[in-house]
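Tertiary structure, described
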Amino acid sequence: MTQKTFELVDQSNDRKMTLPVRAGTIGPSVVDIAKLNKELGVFTYDPGFGMTAATESRITYIDGDAGVLLYRGYPVEQLAEKSTFMEVAYLLLHSELPTRKQLDEFIGNIRHHTMINESLLRFFHGFHYDAHPMAMVSAVIASMSAFYHDSMDIYNPRHREIFAHRIIAKIATIAAAAHKHSLGQPHVYPRNDLDYCSNLLHMLYAVPCEPYEIDPVAAQALDLLFILHADHEQNASTSTVRLAGSTGANPYAAVAAGVSALWGPAHGGANEAVLSMLEQIGTVDNIPKFLAQAKDKSSHVRLMGFGHRVYKNFDPRAKIIRETCHKVLSRLGRSDNPLFELALRLEEIALKDEYFVARKLYPNVDFYSGIIYSAIGIPRSMFTVMFAIARTVGWVAHWQEMIGDPAMRIGRPRQLYTGPARREYTSIAKRA
Ligand code: ACO
């Protein structure tokens, strides 16, 4: 509903335009510039989309100054404490918390799809043993579009629902298969009697020659991390899924694009980079030297796991994960984890440093998550894959929201052209 207007004055041409202002439920309003070019002949310039709301959404709300994160209105702290990853997945996809019957049915639907086609399994043999698991996961998910292209009508709500169940179930199986391929071990088939995270641990760690006992501490920690990573409104990977999906592309291909976008160290790849950074720093004595490098713009070094485009106070997920680190390490009998100690000191020192204070740089979700993953035995190269499994729920929820919106249009940003103006072709013989 339009409540206010915004006056834009073009002084050079003595023109002005009244733009409608649209208000959300909470958070800042947006100026609707849809008619800007038609009326004033200009576009807006916003590198990195820092000021641009590309869509209307009802899924997740962030207040970056107050450190608030809500999934469908529910604070992430409450969901982390009281809910489960499967319940949160239902919430994100269906807008409301499920009844017991709805949740059981949803979990049953996901379990029904945990196996992957044997032909897909053979794809892994094409990869070298040391291929990064994110590369394998992205490629195999993209290949799923070849398996489900004909039966995937994106405008059919039932097809969309089956896609949602399939991808949420199968990404865990694909992720585990990538890990097994890296180890040279046989693929472990899913066990549908287990909950989502226990089954993932089973597929990651079980071997055919001896029994594998699932550690409930590890399964619980994973479930919590998955809740915290499940969605984060229009982040880079979600926007990638939306953009790819807006062309009408097969949704498995759109999710594969999201996996690729997530892999970068400025986004989901930061969890892997944080552990490498902590190892590189090594001891508390080396922290000042490292921070000096991170502050030096010519070094290209950044304090990984610090800073966020939206959070300018604290990342509520980082707070929960830091507390969980303490609990998980003590329950596993590893309270004296040197990397965790180093991370705590690094956070403390950075938060007193004028450079980080002035720029409002705080630990983000990835600063501590790798320490938990490590403690429960997840190899470093799999950290971002774990993130991708959880974020698949968010990607699917956003894709569903976009395709179900009658106002959907292909995503197509504009540009400010600064290349040569029109010029005539000269034949090669005449070029100097
Ligand atoms: N270390 C050192 N300096 C930093 C850092 C950092 N981690 N993050 C931002 N800065 C500085 C920038 O150099 C810039 O300084 P300047 O104003 O003097 O030029 C200022 O802080 C603002 O930073 P931008 O890069 O403009 O912020 P932006 O919103 O574009 O980037 C990002 C956000 C990518 C998260 C950035 O903070 C970063 O690279 N952090 C490290 C990587 C990381 O942890 N990524 C995970 C993010 S959470 C997620 O995606 C799951």
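Look above for the structure.
Residues numbered from 1 in each chain as written. Predicted model: local features only at pLDDT ≥ 70, side-chain atom pairs only at ≥ 80, totals over all residues. Heavy atoms only, no water.

Let's talk about the site of the ligand
- The full set close to the ligand counts 21 residues, and His267, Arg302, Leu303, Gly305 and Arg309 are the nearest of them.
- At 2.8 Å, a backbone N or O of Gly305 approaches an oxygen atom of the ligand.
- Classifying every residue of the shell around the ligand gives 11 nonpolar, 5 polar and 5 charged. (Near = heavy atom within 4 Å. Polar contact = N/O pair within 3.5 Å; in protein donor to acceptor, adjacent residues only side chain to side chain. Nonpolar A, V, L, I, M, F, W, Y, C, P; charged D, E, K, R; others polar.)

Quick word on the layout of surface pockets
- In this model, the second largest pocket occupies a volume close to 790 Å³.
- The wall of the second largest pocket is formed by 36 residues, among which Ala80, Ser83, Gln220, Asp223 and Leu224 lie closest to the centre.
- Tallied by class, residues from the lining of the second largest pocket come to 18 nonpolar, 8 polar and 10 charged. (1 Å grid on protein atoms, 1.4 Å probe; cavity = no way out; pocket = protein on both sides within 12 Å on 5 of 7 lines; lining within 4 Å. Points joined across faces, edges and corners; volume = space filled by probe spheres on them.)

Observations regarding the pairing of strand β5 (residues 68-71)
- Of the strand pairs in this sheet, strand β4 (residues 60-63) and β5 are connected by 4 bridges, and their pairing is antiparallel. Looking at β5, one finds that Ile62 is bridged to Leu69.
- Linkage of β4 to β5, two consecutive antiparallel strands, is achieved through a turn of 4 residues, within which Gly67 is found at a positive phi near 70°.
- Pairing of β5 with strand β6 (residues 74-75), which is carried by 2 bridges, proceeds in the antiparallel orientation. Its bridge partner lying in β6, Leu70 is registered against Pro75. (Pairing = 2+ DSSP bridges. Helix = DSSP H or I, 4+ residues; strand = E, 2+ residues; numbered from the N terminus.)

Looking at helix α3 (residues 85-94)
- Among the 10 residues that make up α3, 9 are buried, leaving the element largely enclosed by the rest of the structure.
- Of all the residues in α3, the buried ones are Phe85, Met86, Glu87, Val88, Ala89, Tyr90, Leu91, Leu92 and Leu93.
- Immediately beyond the C-terminal end of α3, within one or two residues, lies Ser95, with a positive phi of roughly 80°. (Buried < 20%, exposed > 50% of the residue type's maximum accessible area, 1.4 Å probe, protein only.)

Quick word on the pattern of salt bridges
- Scanning the entire structure with this criterion turns up 14 salt bridges.
- For Arg317, the salt bridge identified is with Asp315, shortest N-O distance 2.8 Å. When sorted by exposure, Arg317 lands in the same class as Asp315, which is buried.
- By sharing partners, the salt bridges in this structure join Arg345, Glu348 and Lys352 into a single network. (Salt bridge = Lys/Arg side-chain N within 4 Å of Asp/Glu carboxyl O.)

Description of the nonpolar core
- Formed by 123 residues in total, the largest nonpolar core has its most connected members in Tyr196, Phe226, Met277, Leu303 and Met386.
- A total of 14 residues in this core trace back to one element, the largest contributor, which is helix α18 (residues 383-403).
- Contacts of Met386, omitting those with residues within four sequence positions, involve Leu200, Leu204, Leu222, Phe226, Tyr373 and Ile378. (Core = buried A, V, L, I, M, F, W, Y, C linked by side-chain atoms within 4.5 Å. Contact = heavy atoms within 4.5 Å.)

Function cannot be inferred from these measures alone, as they are strictly geometric.
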